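Here's the letter readout for the chains.
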Amino acid sequence: MPRAIISPSVLASDFGQLSAECKRMIKDGAEWLHMDVMDGHFVPNITMGAPILASVHKGVPGIFMDCHMMVSEPERWIDDIADAGGAMYTFHFEATRNPSTVIDKIHKRNMKAGIAISPDTPSTAITDEVGQGADMLLVMTVYPGHGGQKFIDRCVPKVAELRARFPEKDIEVDGGVGPKTVGVCADAGSNVIVAGTAIFGAADPPAVIQELKDAVNTAQARPAK
Ligand SMILES: O=C(CO)[C@@H](O)[C@H](O)COP(=O)(O)O
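About the cut-offs
Residues numbered from 1 in each chain as written. Predicted model: local features only at pLDDT ≥ 70, side-chain atom pairs only at ≥ 80, totals over all residues. Helix = DSSP H or I, 4+ residues; strand = E, 2+ residues; numbered from the N terminus. Rg over C-alpha atoms; globule rule 2.2 N^0.38 Å. Buried ≥ 20, exposed ≤ 12 C-beta atoms within 10 Å, placed from the backbone. Contact = placed C-beta atoms within 7 Å. Pairing = 2+ DSSP bridges. Axes fitted to C-alpha atoms, helices over the stretch in contact; angles between N-to-C directions. UniProt positions renumbered as here; feature names shortened; annotations may be inferred. Right-handed = clockwise from strand over helix to strand, strands pointing away. Near = placed C-beta within 6 Å. Nonpolar A, V, L, I, M, F, W, Y, C, P; charged D, E, K, R; others polar. Expected span 1.5 Å × (residues − 1). Arc of directions from axis to C-beta.

Participant: Even after reading the chapter, I still don't get the overall build of the protein, so can you show me in this structure?
Facilitator: The secondary structure content of the protein amounts to nine helices and eight strands. Rg of the C-alpha trace for the protein: 16 Å, near the compact-globule value of 17 Å for 225 residues, within the 12% margin. Seen through its C-alpha atoms, the protein measures out along the principal axes to roughly 45 × 40 × 30 Å. Put simply, the protein has 225 residues, and 48% of those count as buried. Contacts spanning at least 24 positions in sequence make up 64% of the contacts within the protein whose residues lie at least 6 apart.

Written as structure tokens, this is what we have:
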């Protein structure tokens, strides 16, 4: 089973202090930083693009930028994000007709490729071929576009379905995930946990990061049913 990874969503952070907040998260125990790139078209919100990512990459040595591309034309930004230092490029299944082509292009730029599904997309939309070609599968547990939303429970069985088909892949969950909801995600087989509000809004962020990691490690240590 892949290792536990906590990827704080910087959407909930103080954008003016982005590099400092990313540095703090790494010090507090985060493996990755989840960078929410929104284009105002695929989702009803605009956040940041390659120039900001490049600046964060420069200011935070060793950062693994887990770039969640909530954009309409995922192929269009691959070069820019690679040049900015992106490590993982996760695009939405709903935004392309050629997921395998997008995955190939991401790999050609030496980034890991993730494919995301929104709450209304079934996990079975990700074929065995597409899933095997990707490095990570992202199950959105809120509708993409904003931080601070309520976790949607009905998305959890999709994690289990994907874990059964892809035992070696990273499976990420994102949206409304925190100490109260991480357990069901980890039990279903998710090992990459994105949390924004739950970490950035906490009185003790390192404790929350540890709690999320423990939930994944505990679920993985349980004997298979
Ligand atoms: O991409 C998104 C939402 O579109 C997520 O990354 C959220 O930003 C996570 O924030 P919380 O739900 O944990 O506050």
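Participant: Help me understand the sheet that holds strand E1 (residues 5-8), please; the structure alone is not making it clear to me.
Facilitator: What links the strands of a sheet is backbone hydrogen bonding, and the strands pair in either a parallel or an antiparallel sense. Strand order in the open sheet formed by eight strands is E1-E8-E7-E6-E5-E4-E3-E2, and the pairing between neighbours is parallel. At either margin of the open sheet sits one strand with a lone partner, and together these are E1 and strand E2 (33-38). For this sheet, the mean inter-axis angle between neighbouring strands, taken without regard to orientation, is 25°. Across five bridges, strand E6 (residues 136-140) lies against strand E7 (residues 170-174) in parallel orientation. Looking at the pairing, Val139 lines up with Val173 of E7.

Participant: Got a minute to help me understand the environment of Asp153 in this structure?
Facilitator: By the element assignment, Asp153 lies in the loop between E6 and helix H6 (156-165). C-alpha of Asp153 to C-alpha of Thr90: the two residues are 63 residues apart in sequence and 22 Å apart in space.

Participant: How should the UniProt feature "binding site: substrate" (unreviewed entry) in the protein be read in this particular structure?
Facilitator: Feature annotation in UniProt assigns "binding site: substrate" (unreviewed entry) to the following positions: Ser9, His68, Gly145, His146, Gly147, Gly148, Gly176, Gly196 and Thr197. Turning to its location among the elements, His146 is positioned in the loop between E6 and H6. You can see Gly147 is positioned in the loop between E6 and H6. With residues near it in sequence (within four places) discarded, Gly147 still touches Ser9, Leu11, Ala12, Gly196 and Thr197.

Participant: Which parts of the structure should I look at to understand the pairing of E6?
Facilitator: In terms of residue burial, E6 counts as a mostly covered element, since five of its five residues are buried. For strand E5 (residues 112-117) and E6, the ladder comprises four bridges, and the chain directions are parallel. Directly across from Gly114, in E6, lies its bridge partner Met136. Handedness of the crossover is the feature at issue here: the chain leaves E5, passes through helix H5 (residues 128-133), returns alongside E6, and the resulting connection is right-handed.

Participant: What is the right way to read the site of the ligand from this model?
Facilitator: Lining the immediate environment of the ligand, one finds 22 residues, of which Ser9, Leu11, Gly147, Gly196 and Thr197 sit closest. Those elements that provide at least two residues to the shell around the ligand are E2, strand E8 (192-195) and helix H8 (197-200). Each residue belonging to the shell around the ligand can be placed in one class, and the counts come to eight nonpolar, 12 polar and two charged.

Participant: Is there a simple way to explain helix H9 (residues 205-221) in this structure?
Facilitator: Helical geometry note: an α-helix holds 3.6 residues per turn, so side chains three or four residues apart project in the same direction. Here H9 contains 17 residues, and its C-alpha end-to-end distance of 24 Å stays within 8% of the 24 Å for a straight helix at 1.5 Å per residue. Regarding H9, the residues found buried are Pro205, Val208, Ile209, Leu212, Lys213, Ala215, Val216 and Ala219. Angularly, the buried residues of H9 cover 145° about the axis, an arc narrow enough to put them on a single face. Lining the buried residues of H9 we find E1, helix H7 (182-188), E8 and H8.

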